[in-house]
Amino acid sequence: MKISFYPNIQPGFCSNTRVYRTEDGNPIGTYTRLFRTEFDWEKASDFMVKHFKDKEDLQFIQFASSDGSEAYTQIITLLENHDNVDKFFPIQAYDIDTEICNAAKSGLLNINITDQYKFEDRGIDFKKYFKKSDKELNIDTDTLKDSGRQSRPTETFKVSKTLTDRVKFHNESMFDILKEHKDNSNTVIMCRNVLFFFSDRQIDQFTTLAAYKLKKGSLFITGEHDQKVNLFLELKGFIRVLPNVYMKA
Ligand SMILES: C[S@@+](CC[C@H](N)C(=O)[O-])C[C@H]1O[C@@H](n2cnc3c(N)ncnc32)[C@H](O)[C@@H]1O
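The following refers to the structure shown. Computed from a predicted structure; not experimentally measured.

Calculation criteria
Residues numbered from 1 in each chain as written. Predicted model: local features only at pLDDT ≥ 70, side-chain atom pairs only at ≥ 80, totals over all residues. Heavy atoms only, no water. Near = heavy atom within 4 Å. Polar contact = N/O pair within 3.5 Å; in protein donor to acceptor, adjacent residues only side chain to side chain. Areas by Shrake-Rupley, 256 points an atom, 1.4 Å probe, with all protein chains shown as cover. Helix = DSSP H or I, 4+ residues; strand = E, 2+ residues; numbered from the N terminus. Buried < 20%, exposed > 50% of the residue type's maximum accessible area, 1.4 Å probe, protein only. Pairing = 2+ DSSP bridges. Expected span 1.5 Å × (residues − 1). Arc of directions from axis to C-beta. Contact = heavy atoms within 4.5 Å. Salt bridge = Lys/Arg side-chain N within 4 Å of Asp/Glu carboxyl O. Axes fitted to C-alpha atoms, helices over the stretch in contact; angles between N-to-C directions.

Re the site of the ligand
(1) Moving on: For the ligand, the set of nearby residues contains 22 residues, the closest of which are Tyr20, Thr32, Arg36, Asp95 and Asn193.
(2) Moving on: One of the side-chain nitrogen or oxygen atoms of Tyr20 is found 2.8 Å away from an oxygen atom of the ligand.
(3) Moving on: Within the backbone of Ala64, a nitrogen or oxygen atom sits 2.8 Å from a nitrogen atom of the ligand.
(4) Moving on: Across the complex, the protein chains shield 100% of the 610 Å² of accessible surface that the ligand would expose by itself.
(5) Moving on: Counting residues per element, the ones that place at least two in the shell around the ligand are strand S2 (27–29) and helix H8 (174–180).

What follows is the structure, encoded as structure tokens:
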């Protein structure tokens, strides 16, 4: 797997800053956090709920799921703002990295204290979803806790069943899963902040496959580092319905 870009300055506030190397020795970061601020979670969820109101069954796929922060953010946003959203769950979440996938499967999450303010801002009770754990979640090569990089530390929390029951974590590559996907115009693919690690040729291949697999009306959601991916999607028959939300035309 070839990586064309590696950000050697890691973000300031994260739930992890693990970096691992692919078989070719290239580094990939697994950093993520709850309610990443560059995305409008509420607007995107409102759109999805309306857009799929007449669909009985949905396939919500999350690629590059890391430690679970993103899946939990999505679930909380749907539950706090909408009724009857069971059809979105369970989210099927995939990450190629065994270490970070095991962290997600542990039902524990390291949370930066600053992220709790995002719950307050939204009027959401943080304690409903996360409880302080006596166990510590240790992630190999995660330099976050002792790096002094963050002015506020992370602490380990136990994730509530409300969340863990609504997502299934799998240790698989998104390339393999997408190849086998069967769409019925009822798919949401969340694929945020991963493709930018890859070469243009790989981004081209992946978005071509997505365009081939997804039928009219299905959605593809990208991240703040994915401007180039967005351009590829627009060239391949997706239209932008919201910032970083693309619909197959
Ligand atoms: C920077 S994190 C992004 C996490 C999250 N999506 C977000 O935006 O906060 C990138 C993640 O992509 C995963 N990844 C890299 N290649 C992958 C692949 N082929 N299939 C699935 N996940 C992959 C990495 O292991 C890492 O956890």
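After presenting the structure, the write-up continues.
What about the pairing of strand S5 (residues 108–112)?
(1) Moving on: With 5 of 5 residues buried, S5 lies mostly within the body of the structure.
(2) Moving on: In S5, alternate side chains face the same way, and those of Leu108, Asn110 and Asn112 on one face and Leu109 and Ile111 on the other are all buried.
(3) Moving on: Bridge count for S5 against strand S7 (residues 154–159) is 5 bridges, and the pairing is antiparallel. Bridge pairing in S7 places Asn112 opposite Thr154.

Examining helix H2 (residues 69–81)
(1) Moving on: When the terminal C-alpha atoms of H2 are compared, their 18 Å separation across 13 residues agrees well with the 18 Å that a helix rising 1.5 Å per residue should span.
(2) Moving on: Burial analysis of H2 places 10 of its 13 residues in the buried class, the great majority of the element.
(3) Moving on: Regarding H2, the residues found buried are Ser69, Glu70, Ala71, Tyr72, Thr73, Gln74, Ile75, Ile76, Thr77 and Leu78.

Some details on unusual backbone geometry
(1) Moving on: Here Phe89 and Pro90 are connected by a cis peptide whose omega angle stands at -5 degrees.
(2) Moving on: Checked against the element boundaries, Pro90 lands in the loop between H2 and strand S4 (91–94).
(3) Moving on: One non-glycine residue, Phe35, lies in the positive phi region at around 45 degrees.
(4) Moving on: Note on placement: Phe35 falls in the loop between S2 and helix H1 (41–51).

Considering helix H3 (residues 98–105)
(1) Moving on: For H3, the complete set of buried residues consists of Ile100, Cys101, Ala103 and Ala104. End-on, the buried residues of H3 take up no more than an arc of 155 degrees, which puts them together on one face.
(2) Moving on: Against H2, S5 and strand S8 (167–170) lie the buried residues of H3.
(3) Moving on: Of the residues trailing H3, Gly107 is marked for its positive phi of about 80 degrees.

Here we look at the environment of Ile100
(1) Moving on: Among the structural elements, Ile100 can be located in helix H3.
(2) Moving on: For Ile100 and Asp67, which are 33 residues apart along the polypeptide, the C-alpha to C-alpha distance reads 5.5 Å.
(3) Moving on: Ile100 has contacts with Asn16, Arg18, Thr30, Ser66, Asp67, Asp95 and Ile139, leaving out every residue within four places of it along the chain.

A look at the pattern of salt bridges
(1) Moving on: Tallied over the entire structure, the rule returns 15 salt bridges.
(2) Moving on: For Asp165, the salt bridge is made with Lys161, and the minimal N-O distance between the two is 3.3 Å.
(3) Moving on: Note on Lys161: relative accessible area 59%, which makes it exposed.
(4) Moving on: Shared partners join several salt bridges into a network, and the residues in it are Arg36, Glu70, Arg192 and Glu224.

Quick look at the sheet that holds S7
Note on sheets: strands pair through backbone hydrogen bonds, and any given pair is parallel or antiparallel.
(1) Moving on: Spatial strand order, S5-S7-S6: 3 strands in an open sheet with antiparallel pairing. The sheet is open, and its two borders are formed by S5 and strand S6 (130–132), each paired with just one other strand. Between one strand axis and the next, the sheet turns by 50 degrees as a mean value, whatever way the strands run.
(2) Moving on: Judged from the 3 bridges that link them, S6 and S7 form a sheet pairing that is antiparallel. In the sheet register, Lys132 faces S7, and the bridge partner there is Phe157.
(3) Moving on: In the packing of helix H4 (residues 113–122) onto the sheet, the strands contacted are S5, S6 and S7, and the crossing angle to S5 comes to about 85 degrees.

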